[in-house]
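Chain and residue survey
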Amino acid sequence: QVQLVESGGGLVQAGGSLRLSCLASAPTFSSYAVGWFRQAPGKEREFVTAISWSGGSTYYADSVKGRFTISRDNAKNTTYLQMNTLKPEDTAVYYCAASPSSRWYRMPRSPLVYNYWGQGTRVTVSS
């Protein structure tokens with residue numbers, strides 16, 4: 001029902017910044033919560049950040065809090081992940097995901113409440 005496409009990844013030096021975008025295929029996206037997850041080579045996919053449909057509630061993993069900011073523009077069917085002060089340990093493939101679930105507010109960090117996933121965009125941070 002909803003297709004998600006991430007963009008904005010690339011190679012950046014430690015301390016630099018990138019902004020990732022997640023474009024949705026349909027305006028129903030505006031009623032869904034959105035999360036960002038990442039997966040590094042040899043590691044499990046982990047939660048990064050999430051935002052409610054209205055943008056009024058946000059959640060961050062401890063590892064990125066203070067450095068990353070999630071936002072959304074529902075008129076553009078787009079969610080953004082601004083990443084500042086990047087570290088080599090941020091290197092991963094980043095995925096956006098959308099959640100239509102009423103349980104999202106109880107467990108926004110869980111991949112179980114996200115029904116739609118993008119293909120991912122690669123972020124590499126050099127030391």
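All residue numbers refer to position in the chain's written sequence, counted from 1. The predicted nature of this model means local features are confined to residues of pLDDT at least 70 and side-chain atom pairs, given and counted, to a pLDDT of 80 or more, with totals for whole chains, interfaces and linings taken over all residues. Processing note: side-chain calculations cover all non-hydrogen atoms of the structure and skip hydrogens and water entirely.

**Examining the overall build of the protein chain**
Selection criterion: Secondary structure is summarised from DSSP: a helix means a run of H or I of at least four residues, a strand means a run of E of at least two, and numbering begins at the N terminus for each. Our radius of gyration looks at C-alpha atoms and nothing else; its globule reference is 2.2 Å times the residue count to the power 0.38. Two residues form a contact once any of their heavy atoms are found within 4.5 Å.
From N to C terminus, the protein chain includes zero helices and 11 strands. Seen in sequence order, the protein chain has helices and strands lined up from the N terminus as β-β-β-β-β-β-β-β-β-β-β. By the compact-globule yardstick of 14 Å for 127 residues, the protein chain fits well, its C-alpha radius of gyration being 13 Å. Viewed in the frame of its principal axes, the protein chain has a C-alpha envelope of about 40 × 25 × 25 Å. Taking the contacts inside the protein chain whose residues are at least 6 apart along the sequence as the reference set, 60% of them involve residues at least 24 apart.

**What to know about the state of the cysteines**
Heads up, the rule is: Cysteine sulfurs are considered disulfide-paired once they come within 2.5 Å of each other. Exposed residues in this analysis have more than 50% of their type's maximum accessible area, buried residues have under 20%, and partly exposed residues fall in between, with area computed by a 1.4 Å probe over protein chains only.
According to the stated counting rule, one finds one disulfide in the structure shown. The partner cysteine of Cys22 in its disulfide is Cys96, sulfur to sulfur 2.0 Å. Its S-S torsion of approximately 65° makes the covalent link between Cys22 and Cys96 right-handed. Of this pair, Cys22 sits in strand β3 (residues 18-24) while Cys96 sits in strand β9 (residues 92-99); the two residues are 74 residues apart in sequence, bridging distant segments of the chain. Of the two residues examined, Cys22 and Cys96, each falls in the buried class.

**Overview of the pairing of strand β8 (residues 78-83)**
To keep it simple, the criterion reads: At least two bridges found by DSSP between two strands is the condition for calling them paired.
Counting buried residues along β8, five of its six residues qualify, which places the element largely inside the surrounding structure. In this structure, β3 lies alongside β8, joined through six bridges in antiparallel fashion. Across the sheet, residue Cys22 finds its bridge partner in β8, namely Thr79. In this sheet, β8 lies alongside strand β7 (residues 68-73) in antiparallel orientation, the contact comprising six bridges.

**Some thoughts on the pairing of strand β5 (residues 46-51)**
Counting buried residues along β5, five of its six residues qualify, which places the element largely inside the surrounding structure. Note: strand β4 (residues 33-39) against β5, five bridges, orientation antiparallel. Looking at the pairing, Arg38 lines up with Glu46 of β5. Remark: six residues form the turn of the hairpin made by β4 and β5, two consecutive strands paired antiparallel; Gly42 in that turn has positive phi of roughly 75°. In terms of strand pairing, β5 meets strand β6 (residues 58-60) through three bridges, oriented antiparallel. Bridged to Thr49 within β6 is Tyr60. Between the end of β5 and the start of β6, which pair antiparallel, lie six residues, with Gly55 showing a positive phi angle near 85°.

**Re the environment of Leu23**
Residue position: Leu23 is located in strand β3. Sequence separation between Leu23 and Thr69 is 46 residues; the distance between their C-alpha atoms is 17 Å.

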